[in-house]
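An overview of the molecular structure
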Amino acid sequence: MREMFSHIMKNAKLRTKLLFSHFLIVFGAVIPISLIFTSRNTEILLRQMNQFNELSFLQICDNINREIEKYNSMADNLSAEPAWIGYLSSDSGAKTPDERYLAYARLLPGVKPKFDIASQNGEGITFYTWVASCMPGSYIKIVEPGSASWLREAEEAFGLKTMGNPDFGWNGSVTVPLCKAIVPGVVLRIDIPESQFSNVYYQHDSGKDYYVVNHLGKVVSSSKRLMIGKNIVDVEGLLINQDVPFYVAETERGISTLFCATSNPKGMQGTISVICIISPDEMLLQLDANRMLSTLTTIAVMLLASVFILFLSSSMTRRLDRLSASISLVRDGNFTVSIDTEGSDEIGRLGLSFKEMIGRMDQLFKQVYKAEAQIKELEMANKDARLRMLYSQINPHFMFNVMESVRMRLVRIGEREVSVVVKNFAKLMRKSIEWKNDDITLEQELELLESYLSIQKFRFSSTFSYHIDAELGLDAMVPKFTLQPIAENCFVHGFKNSQGVNRIDVRIWREGGAVFIEISDNGEGMSAERLEKLKVELDDNGDGASIGLRNVNQRLKLTFGPKHCLSVESGSSGTKVRISIPGREA
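Since this is a predicted model, take the numbers as computed values, not measurements. (Residues numbered from 1 in each chain as written. Predicted model: local features only at pLDDT ≥ 70, side-chain atom pairs only at ≥ 80, totals over all residues. Heavy atoms only, no water.)

Turning our attention to the overall build of the chain. What the chain contains, in helices and strands, is 14 helices and 18 strands. Looking at the chain residue by residue over its 586 residues, the buried ones come to 38%. Of all intrachain contacts in the chain linking residues separated by at least 6 positions in sequence, the fraction that spans at least 24 positions is 60%. Total accessible area computed for the chain in this model is approximately 34200 Å², and 57% of it derives from carbon and sulfur atoms. (Helix = DSSP H or I, 4+ residues; strand = E, 2+ residues; numbered from the N terminus. Buried < 20%, exposed > 50% of the residue type's maximum accessible area, 1.4 Å probe, protein only. Contact = heavy atoms within 4.5 Å. Areas by Shrake-Rupley, 256 points an atom, 1.4 Å probe, with all protein chains shown as cover.)

Dropping the structure here:
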């Protein structure tokens, strides 16, 4: 099997190989990875959706509980009027309508402001009593004890507030009764507009099904208006598990996600439950959108990759076909064929190499008749090259030998000072030409610096002096000609306009694991602007007058790193250059 596959791949066309490799990668790697990614992404999205839904649900529950607490406080406040409650619970002896009205009118102004404030959102406030002497009106109704189910329930829960089943008005309005038996024979009923609850989840999250359930299991408010007044067991065809805050259940519309929160408000009988049901349609809509996006992305990538492979294979095979046709012409003896070498990839380099090979073969055929002359020319060229190599080796040595002869003659005639200058100059020249290694020891670099300074001492005589103070045992390595350009910069810039005695001090010491080199002069110094400009030139490698300093700074940073660079200090007089290098063995 392996041999057959290898045979097919060796004999198949390049385009076929590329397309086969492409589809093998797509179906063997891209599609499985895409499926795994989509599945993982779906799990993450589902978890994030549940977390978001849970936070939104808890916020809605909190707001609904606040509404219930508001009406609980309202009921407690309205029932805390002793005169009013006393009027409702005891027989005043009034017989005629006028007597009843006068007794009612004496008490109403004291409590009406509270009634008006409590009913500002359309709430209905009614006191039910079975005391016949009371004046029936908009706030008072006279009823028989236990004449209605909600009234009996309020009487049984004496002292506690009950949330009864919703009432439907003739105009389609829905109210939720909140009842409280204040004293025997008096029951307060506040008819809460159902919109006070429904507005809460409409404002926060209008895309899900919400239910508010009283302790009797009746739906008193819902985002699905047709479900108001029904038993909760009839919702979605399942029995709500009020003991579990979050779970998944089978509903009439499929697998749904349910959130349930139950609270027991202070001073109320029983519990109030808030239930949220997220239908599978909403969940699947978002998940399907995620899957569709992943699928479209995978298909787009596959199509783009296929188009790219076709374009690439077409471009490669077209160039290879042209190259193959040219090779066939050369095989037949045509060495003047024109070969297209477009591109610099492997095919382009192959065409260029083949073109060069044809040119060389053509030249070889032409050189058959001039073999002897070419051999002689090659021999002469070889001899000339050897002579030039010999001259390049002799000339420097000859120059140094001549300078040594001059130095010895000066010694013999007593010109020792001049001979020392010639010796130092020859040493500088030899070291600048013999550049085997870029790094030398600090001791060797100091010898070069001292040779240069002694030459300058000879030039300027009594107007120049120098001093070198170096600790013993400093065996660190530095780039060659690191210190001499710094000293030369003192003469070029520091002593340029100086009229007194110029001086250069060199101090070298070890501190911690580093070696510090400080070269200072007593020249004219630099202004703050010129010093700042010099630092910028050193850091930015820009053009400037101090080319030697910039070159030294670059070589130090390349050798030791950016921390080991030149540090320049200057003022109205004198300039100081400091270098730090790692202390290491030679």
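Overall, mixed pairing links the five strands, which are arranged β13-β15-β16-β18-β17 in an open sheet. Looking at strand neighbours, the two that pair on one side only are β13 (464–470) and β17 (567–570), the edges of this open sheet. Strand-to-strand, the axes of this sheet are offset by a mean angle of 15 degrees, without reference to chain direction. Here eight bridges tie strand β16 (residues 514–521) to strand β18 (residues 575–582), and the two strands are oriented antiparallel to one another. Bridge pairing links S520 to K576 in β18. Sitting on the sheet, helix α11 (residues 442–460) touches β13, β15 (502–511) and β16, and the angle it makes with β13 is about 165 degrees. (Pairing = 2+ DSSP bridges. Axes fitted to C-alpha atoms, helices over the stretch in contact; angles between N-to-C directions.)

It is worth spelling out the confidence of the model for the chain at this point. Summary statistics for the chain give a mean pLDDT of 75 and a share of 68% for residues scoring 70 or more. Considering only residues more than four positions removed or in separate chains, one finds that residues 381–395, a stretch of pLDDT under 50, has zero contacts. (pLDDT = per-residue confidence, 0-100.)

Ranked by internal contacts, the top residues of the largest apolar core, which has 45 residues, are I64, L78, W84 and F127. Contacts of W84, omitting those with residues within four sequence positions, involve Y104, L107, L108, V111, F115, F127 and I140. Counting 34 residues, the second-largest nonpolar core is a separate cluster that includes L442, F495, I517 and I581. (Core = buried A, V, L, I, M, F, W, Y, C linked by side-chain atoms within 4.5 Å.)

On to the environment of D62, then. Note that D62 resides in helix α2 (residues 14–78). Residue classification places D62 among the partly exposed residues on the basis of a relative accessible area of 33%.

At a minimum axis separation of 9 Å, helix α12 (residues 484–494) and helix α14 (residues 547–560) run at an interaxial angle of 160 degrees. The angle between the axes of α12 and α14 places the two elements in the roughly antiparallel class. Along this stretch, α12 crosses α14, giving a crossing that reads as left-handed. Contact residues: α12 offers P485, I486 and N489, while α14 offers G548, L549 and V552. Of the residues belonging to the contact of α12 with α14, the class tally is four nonpolar, two polar and no charged. (Parallel < 35°, antiparallel > 145°, perpendicular 65-115°, else oblique. Left-handed = near helix turned anticlockwise from the far one by under 90°. Nonpolar A, V, L, I, M, F, W, Y, C, P; charged D, E, K, R; others polar.)

Further remarks concern the pattern of salt bridges. For the structure shown, the criterion picks out 10 salt bridges. When the shortest N-O distance is used, the salt bridge between R66 and D62 registers 3.0 Å. Taken together, the residues span about one helical turn, with R66 and D62 both in helix α2 at a distance of four residues. The salt bridge partner of R503 is D505, with a shortest N-O separation of 3.0 Å. (Salt bridge = Lys/Arg side-chain N within 4 Å of Asp/Glu carboxyl O.)

Next up on the list: the side chain of N502. One can find N502 in strand β15. Those residues in contact with N502, other than ones at most four positions away along the chain, are T463, F464, S465, F495 and N522.

Using the criterion set out here, one finds 15 aromatic pairs in the structure. Counting every residue linked through ring pairs, the aromatic cluster contains W84, Y87, Y104, F115, F127 and Y139. Cation over ring: R189 sits above W150, and NZ or CZ is 4.7 Å from the ring centre. (Phe/Tyr/Trp six-rings, centres within 6.5 Å; stacked < 30°, edge-to-face > 60°. Lys NZ or Arg CZ within 6 Å of the ring centre and 35° of its normal.)

Position of T271 among the secondary structure elements: in the loop between β10 (254–263) and β11 (272–278). Judged by relative accessible area, which is 29%, T271 ranks as partly exposed. T271 sits 56 residues away from H215 along the chain, and the two C-alpha atoms are 5.0 Å apart. When near neighbours in sequence (up to four residues on either side) are disregarded, T271 contacts V213, N214, H215, T262, S263 and N264.

Here we take up the packing of α11 against α12. Where α11 meets α12, the axes come as close as 9 Å, and the angle between the chain directions of the two elements is 20 degrees. Classified by the angle between their axes, α11 and α12 sit roughly parallel to one another. In terms of crossing hand, the pair formed by α11 and α12 is right-handed. Contacts between α11 and α12 involve E445, L449, Y452, L453, Q456 and F460 on the former and, on the latter, Q484, A487, E488 and F491. Looking at side-chain class alone, the contact of α11 with α12 contains six nonpolar, two polar and two charged residues.

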